[in-house]
Number of protein chains: 2
Amino acid sequence: MENYERLSLNQITTEQWNLKEAIEGCARAEVPWIAPWRHKVEELGLSTSKRLIKDAGLKVSSLCRGGMFPAGNASERQKRIDDNKRAVEEAAELGTDVLVLVCGPSPDRDIVSARQMVEEGIAQLVPFAESHGVKLGIEPLHPMYAAERSVVVSMDLANTLAEAYRPEQVGVVVDVFHVWWDPDLYNQISRAKGRILGFHVSDWLVPTPDMLKGRGMMGDGVIEISRIRKAVEKTGYSGPIEVEIFNDQIWSQPADETLIQMKESYLKHV
Amino acid sequence: MENYERLSLNQITTEQWNLKEAIEGCARAEVPWIAPWRHKVEELGLSTSKRLIKDAGLKVSSLCRGGMFPAGNASERQKRIDDNKRAVEEAAELGTDVLVLVCGPSPDRDIVSARQMVEEGIAQLVPFAESHGVKLGIEPLHPMYAAERSVVVSMDLANTLAEAYRPEQVGVVVDVFHVWWDPDLYNQISRAKGRILGFHVSDWLVPTPDMLKGRGMMGDGVIEISRIRKAVEKTGYSGPIEVEIFNDQIWSQPADETLIQMKESYLKHV
């Protein structure tokens, strides 16, 4: 990358900051985009979040996150839909047209049925999201999160789910950490042409210090990030690139340092 | 499962035992099959291993493991082929016709080229293996092992690699721990009809205590083991079922207890 025009701080990378601090941090570091997380927005308040982001001159690349559709009974599933509708409203209010979907784990051992619940949940959410000008970005997670976070664990399935809709309604979010291992990756990225709604970067560390909080800064691991970026761009995607790193060590250092490292790694390794 | 006819102890499940102890343990517990690991065979000696297994009346379901094909230069790759040839000879000597292949990680970031090295490695090994009456069983590993253990991380790729050969030469090994998350699992199992050379069971614990040594006893996790077994059997596979569990806690208990638990879990959950 030649400059920072497309660089976005996914807020989880600076977990130690609240949203106000993250907004101020991005402004100081001249990072033009931010992707807030809902629990941090709630903490600061939606209207205050919106105002501070605007005042700082930041753009919102996406809102993290909707999804979590599967549940053990119909009323709980309906609650999840209602919560997703609130997420859509928040995304629209914050000025982004992308709500990232982390689709959720199965309530039991039946992963096939849970995928059906995801399909049904998306179907229920699409008209509401469209009426708010918000696209749903299905983010396939790494298969090691299949039991606890998402039954959607491949680009193939994310593409299949998205293709039931128009590209203005539903697309996919490509996160290198989640998809780098996939033998079918480059085919699936091509297939997603016109539907890629986000591109997330971090790295796979060897050894991996923790299944959840063990992602690395770009360049510190084994992922061919720029090869994947080029494939994503070949489909026409030229939107923001979010740095999304779950890492205990990075979370315990001063977050301003994280932003400096992130900018340097972005130019070198993305 | 109704009885123990197909039950095999993959030796890693009783890591605390050497091969002699594992053989005696299987005989005591009336587990009819065993899958030895090469480093344990080496420790005991090949001919002694063979004799003790035979004297105990055990059958060998497979030898773990060949593979590890990718390397940074041609001479190192040749060393790996030579080692694989020794593994083939050992499998034949021990009386099994299946050598399990854990294909190996990439020597660098280029996972696509590493997969090419796997393809080439298998191509070099096939004639030698066939002349010894040994089939190569490609075992796709879980994608979380892509960086450190195997670039073959999907049934799709394992099937594609195997299909370059006759079923008498190369097949696939289905391990529920490695493949349960796959949205395309049941299609890929059907596709493997006539080529399934082994079926391994354990479970995915929630939370997962450790990426390597955190597998569970069957029934203790979220995998639909019997559903997968039925799909595997529908292809015609009726061979041994190996219990293969990497787990620090299980490795620190008396291994005779592990065999008792394993037999109970097998009847209930496989």
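Cut-offs applied
Along each chain, residue indices are assigned from 1 in the same order as the chain's sequence is written. Lettering for chains starts from A, numbering for ligands starts from 1, and both go in the order in which the items are written. Confidence filtering applies because this is a predicted model: local features only for residues at pLDDT of at least 70, side-chain atom pairs given and counted only at 80 or more, and all residues used for totals across whole chains, interfaces and linings. With hydrogens and water excluded, all non-hydrogen atoms of the structure serve as input to the side-chain values. Elements are defined by DSSP. Helices are runs of H or I of four residues or more, strands are runs of E of two residues or more, and each kind is numbered from the N terminus. Per-residue accessibility, obtained with a 1.4 Å probe over protein chains only, is compared with the maximum for each type, and a residue is labelled buried under 20%, exposed over 50%, and partly exposed between these values. Pairs of residues are marked as contacts when any of their non-hydrogen atoms sit within 4.5 Å. Polar contacts, as counted here, are pairs of nitrogen or oxygen atoms within 3.5 Å of one another; within protein the pair requires one atom able to donate a hydrogen and one able to accept it, and residues that are adjacent in sequence qualify only if both atoms are side-chain atoms. By buried area we mean the combined loss of accessible area, with a 1.4 Å probe, across both parts when two parts are placed together. Salt bridges are defined by distance alone: a side-chain nitrogen of Lys or Arg within 4 Å of a carboxyl oxygen of Asp or Glu. Only centres within 6.5 Å qualify two rings of Phe, Tyr or Trp (six-membered ring in Trp) as a pair; their planes then separate them into stacked at under 30 degrees, edge-to-face at over 60, and tilted for everything else. Ring-over charges, as used throughout, are those where CZ of Arg or NZ of Lys falls within 6 Å of the ring centre and within 35 degrees of the ring normal. Any two strands are treated as partners once DSSP identifies two or more bridges connecting them. Seen with its strands pointing away from the viewer, a crossover is right-handed if its path from the first strand over the helix to the second goes clockwise. Alignment of the copies relies on least squares applied to C-alpha atoms, considering only residues that score at least 70 for pLDDT in both. Residues belong to one nonpolar core when they are buried, are Ala, Val, Leu, Ile, Met, Phe, Trp, Tyr or Cys, and are joined through side-chain atoms within 4.5 Å. Axis geometry follows a simple rule: fit a line to the C-alpha atoms, using only the stretch in contact for helices, then measure angles between N-to-C directions, giving values from 0 to 180 degrees. By definition in this entry, angles of less than 35 degrees are roughly parallel, angles greater than 145 are roughly antiparallel, angles of 65 to 115 are roughly perpendicular, and the rest are oblique. What makes a crossing left-handed is the near helix being turned counterclockwise from the far one by less than a right angle; a clockwise turn instead makes it right-handed. Amino acids are sorted into nonpolar (Ala, Val, Leu, Ile, Met, Phe, Trp, Tyr, Cys and Pro), charged (Asp, Glu, Lys and Arg) and polar (every other residue, Gly among them). UniProt positions are given in the numbering used here, feature names are shortened, and annotations may be inferred rather than shown by experiment. Directions from the helix axis toward the C-beta atoms define the arc.

- Chain A is annotated in an unreviewed UniProt entry as Sugar phosphate isomerase/epimerase from Cytobacillus firmus.

### Digging into the environment of Ser106(A)
Residue and element names in this part refer to chain A.
- Considering the arrangement of structural elements, one finds Ser 106 in the loop between strand E5 (98-102) and helix H5 (111-131).
- Residue classification places Ser 106 among the buried positions, given a relative accessible area of 16%.
- Distance in space between the C-alpha atoms of Ser 106 and Val 118 is 9.6 Å, their sequence separation being 12 residues.
- With residues near it in sequence (within four places) discarded, Ser 106 still touches Pro 70, Ile 111, Ala 114 and Val 151.
- Of the polar contacts made by the side chain of Ser 106, one reaches the backbone oxygen of Asp 108; its length is 2.7 Å.
- Within the local environment of Ser 106, its side chain forms a polar contact with the backbone oxygen of Asp 110, the two atoms lying 3.4 Å apart.

### Let's talk about the interface of chain B and chain A
- The interface is formed by 30 residues belonging to chain B together with 30 residues belonging to chain A.
- Between chain B and chain A lies a buried interface of about 2,500 Å² when both sides are counted; carbon and sulfur atoms form 65% of it.
- For the pair chain B and chain A, the interface holds 2 salt bridges.
- With a shortest N-O distance of 3.2 Å, Asp110(A) and Arg227(B) are connected by a salt bridge.
- Here chain B and chain A share 8 residue pairs in polar contact (both at pLDDT 80 or more) between them.

### A few points about the side chain of Lys40(B)
Residues and elements named next belong to chain B.
- Mapped onto the secondary structure, Lys 40 falls in helix H2 (residues 38-44).
- For Lys 40, a relative accessible area of 7% puts it in the buried group.
- Beyond its immediate stretch of four places on either side in the chain, Lys 40 contacts Gln 11, Glu 15, Trp 17, Asn 18 and Leu 19.

### Points about the packing of aromatic side chains
- Within this structure, the stated rule accounts for 11 aromatic pairs over all chains.
- Members of the aromatic cluster, each reached through a chain of ring pairs, are Trp37(A), Phe246(A) and Trp251(A).
- Cation over ring: Lys263(A) sits above Tyr4(A), and NZ or CZ is 4.5 Å from the ring centre.
- One residue, Arg215(B), lies across the ring of Phe177(B), its end atom 4.5 Å from the ring centre.

### Here we look at the pairing of strand E1 (residues 7-10) of chain B
Residues and elements named next belong to chain B.
- Here E1 shows two buried faces, one formed by Leu 7 and Leu 9 and the other by Ser 8 and Asn 10.
- Here E1 pairs with strand E11 (residues 241-243) via 3 bridges, running parallel. In the strand pairing of E11, Leu 9 is matched with Val 243.
- For the crossover from E1 across helix H1 (residues 19-29) to strand E2 (residues 33-35), the handedness is right-handed.

### Regarding the relation of the copies chain B and chain A
- For these two chains of identical sequence, chain B goes onto chain A by a turn of 180° and a shift of 0.0 Å along the axis, with RMSD 0.0 Å. What we have between these two chains is a two-fold relation.
- Counting the interface residues of chain B, we find that 100% of their copies in chain A are interface residues as well, pointing to one common contact surface.

### Description of the nonpolar core
- If you look at the biggest cluster of nonpolar residues, it comprises 167 residues, and the most contacted ones within it are Ile122(A), Ile138(A), Ile122(B) and Ile138(B).
- Tallying contributions element by element places H5(A) first for this core, with 8 residues.
- Setting aside residues no more than four positions away along its own chain, Ile138(A) makes contact with Leu101(A), Cys103(A), Ile122(A), Val152(A), Ala158(A), Leu161(A), Ala162(A), Val170(A), Gly171(A), Val172(A) and Val173(A).

### Observations concerning the environment of Ala146(B)
- When you line up the elements, Ala146(B) lands in the loop between strand E6 (135-138) and helix H6 (155-162).
- In the structure, Ala146(B) is positioned 28 residues away from Val118(B) in sequence and 13 Å away in space, judged by C-alpha atoms.

### Things to note about the packing of helix H3 (residues 46-55) of chain A against helix H4 (residues 74-94) of chain A
All names here are of chain A.
- The contact between H3 and H4 brings their axes to 9 Å, and the two run at 30°. Here H4 runs roughly parallel to H3, going by the angle between their axes. As for the relative orientation of H3 and H4, their crossing is right-handed in sense. Two secondary-structure elements touch here, H3 through Leu 46, Ser 49, Lys 50 and Ile 53 and H4 through Glu 90, Glu 93 and Leu 94.
- Tallied by class, the residues present in the contact of H3 with H4 amount to 3 nonpolar, 1 polar and 3 charged.

### Concerning the UniProt feature "domain: Xylose isomerase-like TIM barrel" (unreviewed entry) in chain A
- The residues that UniProt annotates with the feature "domain: Xylose isomerase-like TIM barrel" (unreviewed entry) are residues 37-257 of chain A.
- Annotated as 43% helix and 16% strand, the span residues 37-257 of chain A places its first and last C-alpha atoms 21 Å apart.

### A few points about helix H9 (residues 225-234) of chain B
All names here are of chain B.
- When we look at burial in H9, the residues that qualify are Ile 225, Ile 228, Arg 229, Ala 231 and Val 232. Taken around the axis of H9, the buried residues stretch over an arc of 160°, which confines them to a single face. Away from its buried face by more than 90 degrees, H9 exposes Lys 230 and Lys 234.
- With its phi angle positive at about 110°, Gly 236 sits one or two positions after the end of H9.

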